[in-house]
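Tertiary structure, described
Here are the chains, one letter per residue:
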Amino acid sequence: MNEPLNDKGVIHRYRHFLPVSDSTPVISLSEGSTPLIHSPRLSEKAGAEVYLKFEGLNPTGSFKDRGMTVAISKAVEDGAKTVICASTGNTSAAAAAYAARAGIQCAVILPAGKIAIGKLAQAFVYGAKVVAIRGNFDDALRIVREFGGIDGVAIVNSINPHRIEGQKTASFEIIEDLGDAPDIHILPIGNAGNITAYWKGYREFHAAGRSTRLPKMTGFQAAGSAPIFYNQPIEKPDTIATAIRIGNPASWQGANNAVSESGGCIDIVTDEEILAAQAWLAANEGVFVEPASAASVAGLLKCHSNGRCSTCPFASPLRPGAKVVLTVTGHGLKDTETPVKFGGFTPAEADANLAAVRAVLDQS
Ligand SMILES: *Cc1c(COP(=O)(O)O)cnc(C)c1O
């Protein structure tokens, strides 16, 4: 099933670091190889060299594709005819796309009314069966876990270790692009699979002699849904950043290990800070990310300035030329409602002639 020319996905590129063999069918959409974009204006604010790992440029628009290529390939190898997942939106989009590619069924369980419209559309268009439950993500994941053990059904949430394996490849790419690991890595935290995966990837490349250092792992949760920060499950998590609206993260322990082993920290950002960071990044660097992804940027703006980190344990000045990588996890076009609603963006109207248009432009 290795297809001609399909030599770009993460399984092909990192097969020796992944749980695949020659007999594993590779279900790929050429995910990964996302750009690491230098951010001059964030660098200036932080007093360090800041880069954005723009995961919105994956095939379904989020980093979830990296894990899904491995999870679906392994599910097909194991004979699954159906995959199932709970999702805040992006996992279901990725699962549906890779299941379609594999020619198997996909069922997704979502919290009703809490999925960005672009992500919901993806699940439907890729042909998944969609069930919206009257409950939150944590309820959806509880139900999905109960499907475990049914013949022919594979769970593709990040409780499936193959997801973590695939997602760790983002760390590999960053090390290859920078020539070494960064000093600090910042990312948003929801179910905490991704911070767990990045830390695993950084350690594996370090152990393989591909990098000389390990980054401090820094995770940001939305203030209204910050169980790890407050060290207790949140019964009714709330944030406009729906991708990280999770009250009881499955990889909680993985996040704690990443932070304590690397000397990093977990902190929170408010919805206002998230929305402001989203708008700032788009208007100042030309990078449009979804609200959850902007938590990374909001976190950097909150905690880092002039080469220092104010709230984290590593308050000492960064070394000159220190490198900070922010994962911006998903594309802004997945959820256009949120920024439009909060930004109040309505075009000014004008009559259809040059003078009228110029008059409006001069006013705004
Ligand atoms: C899934 C997701 C997250 C959260 O990642 P976890 O692994 O659940 O911590 C953040 N941002 C986006 C866009 C996501 O899709």
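Thresholds applied
- Residues numbered from 1 in each chain as written.
- Predicted model: local features only at pLDDT ≥ 70, side-chain atom pairs only at ≥ 80, totals over all residues.
- Heavy atoms only, no water.
- Buried < 20%, exposed > 50% of the residue type's maximum accessible area, 1.4 Å probe, protein only.
- Helix = DSSP H or I, 4+ residues; strand = E, 2+ residues; numbered from the N terminus.
- Pairing = 2+ DSSP bridges.
- Right-handed = clockwise from strand over helix to strand, strands pointing away.
- Phe/Tyr/Trp six-rings, centres within 6.5 Å; stacked < 30°, edge-to-face > 60°.
- Near = heavy atom within 4 Å.
- Polar contact = N/O pair within 3.5 Å; in protein donor to acceptor, adjacent residues only side chain to side chain.
- Areas by Shrake-Rupley, 256 points an atom, 1.4 Å probe, with all protein chains shown as cover.
- Nonpolar A, V, L, I, M, F, W, Y, C, P; charged D, E, K, R; others polar.
- Salt bridge = Lys/Arg side-chain N within 4 Å of Asp/Glu carboxyl O.
- Expected span 1.5 Å × (residues − 1).
- Axes fitted to C-alpha atoms, helices over the stretch in contact; angles between N-to-C directions.
- Contact = heavy atoms within 4.5 Å.
- Core = buried A, V, L, I, M, F, W, Y, C linked by side-chain atoms within 4.5 Å.
- Lys, Arg positive; Asp, Glu negative; His and termini not counted.

Our focus in this paragraph is the pairing of strand S4 (residues 105-111). When a strand is regular, its side chains alternate between the sheet's two faces. Among the seven residues that make up S4, six are buried, leaving the element largely enclosed by the rest of the structure. Across five bridges, the pairing between strand S3 (residues 82-86) and S4 is parallel. Bridge pairing links Cys-85 to Val-108 in S4. Running through helix H4 (residues 90-102), the crossover from S3 to the neighbouring parallel element S4 is right-handed. In this sheet, strand S5 (residues 129-133) lies alongside S4 in parallel orientation, the contact comprising five bridges. Considered in S5, the bridge of Ala-107 is made with Lys-129. Once the chain exits S4 it traverses helix H5 (residues 117-125) before rejoining the sheet at S5, and the crossover so formed is right-handed.

So, on to the packing of aromatic side chains. Two aromatic rings, taken as a pair, are described by how far apart their centres are and by the angle between their planes. Evaluation of the coordinates by the stated rule reveals seven aromatic pairs. Taking 6.4 Å as the distance between ring centres and 40° as the angle between the ring planes, the aromatic pair formed by Tyr-198 and Tyr-202 counts as tilted. Highlighted residues: Tyr-198 and Tyr-202, both in helix H9 (residues 193-207), separated by four residues, approximately one helical turn. By the ring-pair criterion, three or more aromatic residues cluster together here, those being Tyr-14, Phe-17, Phe-172 and Phe-205.

Turning to unusual backbone geometry, a few remarks are in order. Non-glycine residue Ser-30 carries a positive phi angle of around 60°. For Ser-30, a relative accessible area of 34% puts it in the partly exposed group. Positive phi outside glycine occurs at Asn-231, with the angle close to 60°. Relative to the elements of secondary structure, Asn-231 occurs in the loop between helix H10 (227-230) and helix H11 (252-262).

A word on the site of the ligand. Around the ligand sit 17 residues, and of these Lys-64, Asn-90, Asn-191, Asn-194 and Thr-329 come closest. Separating an oxygen atom of the ligand from a side-chain N or O atom of Lys-64 is a distance of 2.6 Å. The separation between an oxygen atom of the ligand and a polar main-chain atom of Gly-193 is 3.2 Å. With the chains in place, 97% of the 380 Å² that the ligand exposes on its own is no longer accessible. At the level of elements, H9 and helix H13 (291-303) are the ones that each hand at least two residues to the shell around the ligand. Looking at the shell around the ligand residue by residue, the classes come out as seven nonpolar, eight polar and two charged.

Moving on, we get to the pattern of salt bridges. Pairs can form between side chains of opposite charge once their charged atoms are near each other. Scanning the model with the defined rule gives 16 salt bridges in all. Residue Glu-77 is joined to Lys-74 by a salt bridge in which the shortest nitrogen-to-oxygen separation is 3.1 Å. Note that Glu-77 and Lys-74 are positioned in helix H3 (residues 64-77) at a spacing of three residues, about one turn of the helix. Through salt bridges with shared partners, a single ionic network connects Arg-13, Lys-53, Glu-55, Arg-66, Glu-173, Glu-176 and Arg-210.

Attention shifts here to helix H12 (residues 271-285). For an α-helix, 3.6 residues make a turn, and residues three or four places apart therefore share a direction. With 15 residues, H12 extends 21 Å from end C-alpha to end C-alpha; this agrees with the ideal 21 Å at 1.5 Å per step. The set of residues buried in H12 consists of Ile-274, Leu-275, Ala-277, Gln-278, Trp-280, Leu-281 and Glu-285. The positive-phi residue at the C-terminal boundary of H12 is Gly-286, with phi of around 75°.

If you trace the six strands from one edge of the open sheet to the other, you get S1-S2-S12-S7-S8-S9, paired in mixed fashion. In this open sheet, the two strands that pair with only one neighbour each are strand S1 (36-38) and strand S9 (265-269). Adjacent strand axes in the sheet meet at a mean angle of 25°, parallel and antiparallel pairs treated alike. The pairing of strand S7 (residues 184-188) with strand S8 (residues 216-222) spans five bridges and is classified as parallel. Bridge pairing links Ile-184 to Lys-216 in S8. Seen against the sheet, H11 touches S8 and S9 and runs at an angle of roughly 140° to S8.

Counting residues in each nonpolar core, the largest one holds 34 residues, and the members touching the most others are Leu-42, Ile-274, Leu-281, Leu-300, Val-324 and Leu-326. Of all the secondary structure elements, the ones that give two or more residues to this core are helix H2 (40-46), strand S2 (49-54), S7, S8, H12, H13 and strand S12 (323-328). For this core, the leading source of residues is H13, giving seven residues. Counting residues in each nonpolar core, the second largest holds 31 residues, with Ile-11, Phe-172, Ala-258 and Val-259 among its members.

This part covers the environment of Val-287. You can see Val-287 is positioned in the loop between H12 and H13. For Val-287, a relative accessible area of 4% puts it in the buried group. With residues near it in sequence (within four places) discarded, Val-287 still touches Ile-37, Leu-52, Phe-54, Leu-281 and Ala-282.

Moving on to the side chain of Asp-335. Note that Asp-335 resides in the loop between S12 and helix H14 (337-343). There is no salt bridge for the buried Asp-335, and the closest opposite charge comes from Lys-119, which lies 6.0 Å off by N-O distance. Engagement of the side chain of Asp-335 in a polar contact is seen with the side chain of Thr-338, the distance being 2.7 Å. The contacts of Asp-335, once residues within four sequence positions are left out, are Ala-116 and Pro-291.

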